[in-house]
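Read off the chains here:
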Amino acid sequence: MKRVRGISDDTSKDNGKDRISALPNDVLCSIVDLLSIRDAIHTSTLSRRWKNIYAHKSTLEFDWRDIISNDANTYTRGNVAIRNVRNFQRSIEAILASYLGTKLESFKVQCCFGNEHPRYFKGWINFAIAKGVKNLELAFSCDELSERTDWRAIDYYNFPTQLLPSGEGSNLRHLSLRTCKLRLDNIFTDRFSTLTSLVLCDVKFVGRVEPSMFSSCSKLESLTLERCYGFESLHFDKLDCLKMLVVRRCEGLRLIRLISVINLTSFHCIGDHAELQLRLGRVPNLKDVHLMLKLINVRSFYAWLEKLINPHYHTLVVAKCG
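Residues numbered from 1 in each chain as written. Predicted model: local features only at pLDDT ≥ 70, side-chain atom pairs only at ≥ 80, totals over all residues. Heavy atoms only, no water.

## Comments concerning unusual backbone geometry
Argument step 1. The backbone of Asp202 sits at a positive phi, close to 55°, despite the residue not being glycine.
Argument step 2. Note on placement: Asp202 falls in strand β6 (residues 197-207).
Argument step 3. Its identity is not glycine, yet Ser260 carries a phi of approximately 60°, on the positive side.
Argument step 4. By the secondary structure assignment, Ser260 is in the loop between β10 (255-259) and β11 (266-270).
Argument step 5. The buried category is assigned to Ser260, whose relative accessible area is 15%. (Helix = DSSP H or I, 4+ residues; strand = E, 2+ residues; numbered from the N terminus. Buried < 20%, exposed > 50% of the residue type's maximum accessible area, 1.4 Å probe, protein only.)

Below, the structure written as structure tokens:
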């Protein structure tokens, strides 16, 4: 009887071989990039081949809730134990000290100690900038903003804008900041000019705040402002690259003006102020609109918007918020 070769006959000679470890370094680094920092470090124990692969990881993400035990996850002023701060700091700095990569795509830190230990942040920001980071996300609180009751208890971090790279030589394209103070000056104008995406959440604007403060961000494609304050008006005139704008619950905001924002396709707004006004003109590509305002006549406002935006719009939602 003729013998039929089984699959095991073809693969028996490969039994025991580690095919994954035989892959090129760039492939292994891509695999490690999909893992958390903790899991990436664990790969160093697999074999000699994997020993330093994690140190080339192009995305570094440090979350207080992953590094520190659950009892320290919530933040109220003065209640973060110094031992937890030091554990968090040492965990990050141990990774940065062993880092072997030459380029950093993304660097993210979320912690719970606000402005109480600012010296740590400056070193981490400098490290990321020196590695040519493209995506920088820094959150200086861990609580749910919708559940926060005592806003005075939060010690806002004074964000050092001067540490960001300057001018056209900057690799930074996406910046996300949470629970900090942001001073508007000439440094802000210069450092934010190369961004294509900006997310500001729970940010206090200080200094001389102009309605057209984002006019220098000529490359900005996406902007999110959530629970920010320190301004009464926002003007987004002639920001030709802007495609998506989100403005939610910004205390004290009374006016949003969008004039000749020709590439804007999506606009979402939730307004807390009873007198918030919208002025829109020449937004020919606007197709996705979600608005929740306090004092509006929903029917008439809907009819006005329907005439103003692209006739082939996808979504148009107008509602009255409580």
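Next comes the rest of the description.
## A few points about the pairing of strand β14 (residues 315-320)
Argument step 1. Judged from the six bridges that link them, strand β13 (residues 288-293) and β14 form a sheet pairing that is parallel. Each residue of the ladder has a partner; that of Leu293, found in β14, is Lys320. (Pairing = 2+ DSSP bridges.)

## Focus on the state of the cysteines
Argument step 1. What the rule picks out here adds up to one disulfide.
Argument step 2. Covalently, Cys112 is tied to Cys142 through a disulfide, its sulfur atoms 2.3 Å apart. On the S-S bond that ties Cys112 to Cys142, the torsion sits near -125°, and the link is left-handed. One end of the pair, Cys112, is in the loop between β2 (106-110) and α6 (118-130); the other, Cys142, is in the loop between β3 (135-139) and β4 (157-158), and 30 residues separate them in sequence.
Argument step 3. Owing to a relative accessible area of 8%, Cys142 belongs among the buried residues under this scheme.
Argument step 4. In this model Cys111 remains outside any disulfide bridge; the closest cysteine sulfur is found in Cys142, 6.4 Å from its own. (Disulfide = S-S within 2.5 Å.)

## Re the nonpolar core
Argument step 1. Counting 82 residues, the largest nonpolar core has Phe107 and Phe214 as its most contacted members.
Argument step 2. With seven residues, α6 is the single largest residue contributor to this core.
Argument step 3. Residues within four places of Phe214 in sequence aside, it is in contact with Phe188, Leu198, Leu200, Phe205, Leu223, Leu225, Leu234, Phe236 and Leu239. (Core = buried A, V, L, I, M, F, W, Y, C linked by side-chain atoms within 4.5 Å. Contact = heavy atoms within 4.5 Å.)

Such coordinate-based values are descriptive only and should not be taken to indicate function.
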